[in-house]
Amino acid sequence: MSSAHNFDELFYPNRWGRIILTSAEEIVGEKGMAALLNMAGLSKYIGNYPPDNMKKEFSFSDVGKLQQAFWDMYGPRGARVFATRAGEQSFNDGLKSFGSIAKAAQASMKIGSLEKRMSVGLGIFAKFFNTVSDQKVHVTEDEQNWYWHIEVCPMCAGRTSDRPVCHLAAGVLQAAYAWASGGQRIRVTPTECIAMGAPEGIVAMEKPTE
Ligand SMILES: [Zn+2]
C-alpha cells in the first residue's frame, strides 16, 4: 500500500520544510547542518532553505531522508529529541501563520469539557493537515486515548525501522494539546508506524484523567 506512493510527488508546504530545517540547525549548528544535509543527499538545501510560503514543494522523500540522516548521525534518541522539538516549533509557528484558522478552531472549541474540545480541535487540525499538505490523517478515540492515524506519512517515506520513527507528529500533537489545554502535557506515543510495516501510522494521545 504505502510502497505504491511516489514520495517525490507528495509534498509539505515550503514553510514546514523550512521550519524542520531551521529547528535542526538550532540543535546542530550551521556546520552540523551542512554535514547532515550532505549525508542525507540533500546538499541542495545547504545555505538554501525553502522559501517561507505555503506552496507544496518540499517532498516527502526529502522529509524522510532528513529524518533518516538525523537518526544515523545522532542515534534514535537524538532523532527523537530533534523531531519532538521541530514538531512543537512547527505547531507554534503555525499558530502565528494561521491566526484566523486558530481563532476559528478556538471558537468551535469553547463548549464542553477539555476532552470534548480536544476531540473537536483534533478533527479540525486533521482537516487542516489534509488541506495544506499531502499528508493524510484522521482521528479516532476510545475511553483512554485519541488516535492520530497517518495514512500517508512523510516521516516514514522510504524508510524501514524496528521501532516507530514518527516523533515529528508526536511533537506537533503535544504542542497542540498544550495550546488547547492552557499549557498541560499528556502522554503522546507513536505506537504503529508504516516504516515498521504497519498499514498506517498511529500516534496515541492519552486522555487526561479527571
Ligand atoms: Zn511512521
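Novice: Honestly, the nonpolar core in this entry has me stumped. Any pointers?
Specialist: The tendency in soluble globular proteins is for nonpolar side chains to be buried side by side. Within the largest apolar cluster, 65 residues are counted, with the highest numbers of intra-cluster contacts made by Phe125, Trp148 and Met205. Among the secondary structure elements, those contributing two or more residues to this core are helix H1 (14-39), helix H2 (60-97), helix H4 (114-132), strand S4 (145-152), helix H5 (167-181) and strand S6 (201-206). In terms of residues, this core owes the most to one element, H2, which gives 11 residues. In contact with Met205, not counting residues within four places along its chain, are Met118, Leu122, Gln144, Asn145, Trp146, Leu173, Tyr177, Ile186, Arg187 and Val188.

Novice: Would you mind showing me how to read the coordination of the zinc ion here?
Specialist: Binding of the zinc ion to the protein goes through Cys156 (SG), Cys166 (SG) and Cys193 (SG), at separations of 1.9 to 2.3 Å. Each donor residue of the zinc ion lies on the same chain, and together they follow the pattern C-x9-C-x26-C. Taken together, the residues Cys156 in the loop between S4 and H5 and Cys193 in the loop between strand S5 (188-192) and S6 connect sequence positions 37 residues apart. Like Cys193, Cys156 is buried.

Novice: Just to check I follow, could you spell out the sheet that holds S5 for this structure?
Specialist: Consider a sheet: its strands pair through backbone hydrogen bonds, and that pairing is either parallel or antiparallel. A sheet is described by the order of its strands in space; here four strands give the open sequence S3-S4-S6-S5, paired in antiparallel fashion. Single-partner strands in this sheet number two, and they are strand S3 (136-141) and S5. Across this sheet, the average inter-strand angle for adjacent strands is 25°, counted without regard to direction. Bridge count between S4 and S6: six bridges; the pairing is antiparallel. Residue pairing across strands places His149 opposite Ile202, the latter belonging to S6. Those strands touched by H4 are S3, S4 and S6, and its axis lies near 165° from that of S3.

Novice: What exactly am I supposed to notice about empty space enclosed by the protein here?
Specialist: Which parts of space are left empty comes out when a probe the size of a water molecule is rolled across the atoms. The tally for this structure, following the rule as stated, stands at two cavities of 30 Å³ or more. Residue lining of the largest cavity: 29 residues in total, with Phe91, Phe125, Phe128, Phe129 and Val172 positioned closest to the centre. For the lining of the largest cavity, the secondary-structure elements that each account for two or more residues are H1, H2, helix H3 (99-108), H4 and H5. Within the lining of the largest cavity, the residues separate by chemical class into 25 nonpolar, four polar and no charged. The volume enclosed by the second largest cavity comes to roughly 60 Å³. Along the walls of the second largest cavity sit Gln67, Phe70, Trp71, Ala79, Arg80, Phe82, Ala83, Arg159, Val165 and His167, which together make up its complete lining. Top contributing element to the lining of the second largest cavity by residue count: H2, with seven residues. Its residues placed into classes, the lining of the second largest cavity shows six nonpolar, two polar and two charged.

Novice: Would you take a moment to explain H2 for this structure?
Specialist: In an α-helix, one turn spans 3.6 residues; hence positions three or four apart end up facing the same way. For H2, spanning 38 residues, the distance from its first C-alpha to its last is only 22 Å, which falls clearly below the expected 56 Å at 1.5 Å a residue. Within H2, the axis deviates most sharply at Tyr74, by approximately 125°, and proline Pro76 lies no more than four positions further along.

Novice: Looking at this structure, how should I read the environment of Asp142?
Specialist: Counting through the fold element by element, Asp142 comes out in the loop between S3 and S4. Residue classification places Asp142 among the partly exposed positions, given a relative accessible area of 32%. Considered as a pair, Asp142 and Gly75 are 67 residues apart in the sequence and their alpha carbons are 33 Å apart. In this view, Asp142 contacts Tyr147 and Lys207; residues no more than four positions away in its chain are not counted. Within the local environment of Asp142, its side chain forms a polar contact with the side chain of Tyr147, the two groups lying 2.7 Å apart.

What counts as what
Residues numbered from 1 in each chain as written. Predicted model: local features only at pLDDT ≥ 70, side-chain atom pairs only at ≥ 80, totals over all residues. Heavy atoms only, no water. Core = buried A, V, L, I, M, F, W, Y, C linked by side-chain atoms within 4.5 Å. Buried < 20%, exposed > 50% of the residue type's maximum accessible area, 1.4 Å probe, protein only. Helix = DSSP H or I, 4+ residues; strand = E, 2+ residues; numbered from the N terminus. Contact = heavy atoms within 4.5 Å. Donors = N, O, S within 2.8 Å, 3.2 Å for Na, K, Ca; no water. Pairing = 2+ DSSP bridges. Axes fitted to C-alpha atoms, helices over the stretch in contact; angles between N-to-C directions. 1 Å grid on protein atoms, 1.4 Å probe; cavity = no way out; pocket = protein on both sides within 12 Å on 5 of 7 lines; lining within 4 Å. Points joined across faces, edges and corners; volume = space filled by probe spheres on them. Nonpolar A, V, L, I, M, F, W, Y, C, P; charged D, E, K, R; others polar. Expected span 1.5 Å × (residues − 1). Bend = angle between axes of the 7 residues up to and from the residue. Polar contact = N/O pair within 3.5 Å; in protein donor to acceptor, adjacent residues only side chain to side chain.

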